[in-house]
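# Per-entry structural report
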Amino acid sequence: MLFLILVVISVLGYVSSAALKDIRPLVIWHGLGDTYDSPGMLQFQSEVKKMHPGIFVHSVYIDQNPKADQRAGFYGKVNDQLDLVAAQFASVPELSRGFDAIGFSQGGQFLRAYVERNNTPPIFNLITFGSQHMGISDLPLCSAYDLLCQIARRAARGGVYSDWAQENLIQAQYFRDPAQLTLYLSASSFLADVNNEVLLPPRNETYAANLATLSNLVLVLFAQDKTVVPKESAWFGSEAPPQDDDAMPFGLGSQVPLTGSELLQSKQEKTIVPMRLQPLYAEDWIGLRTLDERGAVTLATCPGEHMQLTGCWEDLVGKWIGWTFDQV
Ligand SMILES: *[C@@H]1O[C@H](CO)[C@@H](O)[C@H](O)[C@H]1NC(C)=O
């Protein structure tokens, strides 16, 4: 009899804890070259569900066809994709009260843009892994067999700030050339806008107000990241504009031709402007400083190369995901 009572109590306890727990759903947005339903993304979802039983997970897609979804990571217009994704979130009933979100690589700055521009339903905790919040100043190399990547890379090298590239090549739309900031400001169709970097104010105050509503912003940098240049972009760092001395080797004034390894070295010596020294931060163009002064910005590190999540995501997802709605 006592045994039976214990069984009944524990069953009731289990049922009510799942029902009453009211866990916030999770949205994930995959990175470049990946798709919303790839084996890696599916495995990540199942691991998160094991860690936080009962959690609802939605994986962002631009197209339900995996091939087309993968292509949309390289080609398209980010602003249009964001409109589509905002409509997608609004159409998923489980997300209607808001959610936490994880962005992998470029998915991270896209989710941040969603917060700034839409945020209905709202994001509470946002984690971005190796994202390019201050853009990239070089195009990542492609693997030998990655045709999609190679064609996009070749096209972008033809002129990242051309109208065509800014309409059609995703990476060009977050390319931020420290040596051509004025051109970047006038041409960038996505990153300059969501970073509220404008040639002439006013800036969009909605962006700062919306981002400041986040409960937590967790920015993860990969310590050995050689794909994202500069890797500090994950923490809102960027390369300082070249000084005259630095610019010499690349400019017409160069007298002595440099060898490849010397070029590489002078590239590696580029000065990084960290988040708290960015004008974007100091003047709080996007609400980042407000968040940080509230203690709501966490800078975290994973030890490996870009998107090497193994052994690194668990603590972060354990800590920041799986909260209930009353834990705002
Ligand atoms: C600022 O951004 C919001 C949200 O995207 C938009 O609705 C609004 O039109 C923008 N305001 C200006 C002045 O561009």
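Model, not experiment: these values are computed from the prediction. Every chain's residues receive numbers from 1 upward, in the order its sequence appears when written. In keeping with the predicted nature of the model, local features appear solely for residues at pLDDT of at least 70, side-chain atom pairs appear and are counted solely at 80 or more, and the whole-chain, interface and lining totals rest on all residues.

### What about the overall build of the protein?
Numbering of helices and strands runs from the N terminus; a helix is a DSSP stretch of H or I covering at least four residues, while a strand is a stretch of E covering at least two. Looking only at helices and strands, the protein has 15 helices and eight strands in total. With C-beta atoms placed from the backbone, a residue counts as buried when 20 or more other C-beta atoms lie within 10 Å of its own, as exposed when 12 or fewer do, and as partly exposed for counts between those limits. When burial is assessed residue by residue, the protein has 38% of its 328 residues classed as buried.

### Focus: the sheet that holds strand E1 (residues 26-29)
A pair of strands counts as paired when DSSP detects no fewer than two bridges linking them. Ordered by their spatial adjacency, six strands build an open sheet running E2-E1-E3-E4-E5-E8, and the pairing between neighbours is parallel. A strand with exactly one partner marks an edge of an open sheet, and here the two such strands are strand E2 (57-59) and strand E8 (297-302). Pairwise comparison of adjacent strand axes, ignoring direction, gives a mean angle of 15° for this sheet. Note: E1 against E2, three bridges, orientation parallel. Across the sheet, residue Val27 finds its bridge partner in E2, namely His58. Contact between residues is assigned whenever the C-beta positions, reconstructed from backbone atoms, fall within 7 Å. Only C-alpha atoms enter the line fits that serve as axes; for helices the fit covers just the stretch in contact. Angles between N-to-C directions range over 0 to 180 degrees. Lying on the sheet, helix H5 (residues 106-117) is in contact with E1, strand E3 (99-104) and strand E4 (123-129); it crosses E4 at an angle near 155°. Packed on one face of the sheet, helix H15 (residues 313-320) meets E4, strand E5 (216-222) and E8 and runs near 180° to E5.

### Some points on H5
Take the number of residues in a helix, subtract one, and multiply by 1.5 Å to get its expected span. Compared with the 16 Å implied by 1.5 Å per residue over twelve residues, the 17 Å span of H5 between its first and last C-alpha is a close match. Burial within H5 is extensive, with eleven of its twelve residues counted as buried. Those residues of H5 lying buried are Gln106, Gly107, Gly108, Gln109, Phe110, Leu111, Arg112, Ala113, Tyr114, Val115 and Glu116. Tucked inside the fold, the buried residues of H5 contact E1, helix H4 (78-90), E3, E4, helix H9 (191-194) and helix H10 (205-211). Immediately beyond the C-terminal end of H5, within one or two residues, lies Asn119, with a positive phi of roughly 55°.

### Topic: the confidence of the model for the protein
Scored by pLDDT, the protein comes out at a mean of 89, with 86% of its residues at no less than 70. A score from 0 to 100, pLDDT tells how confident the predictor is in each residue. Counting interchain partners and residues more than four positions distant, the pLDDT-below-50 stretch residues 246-259 has nine contacts.

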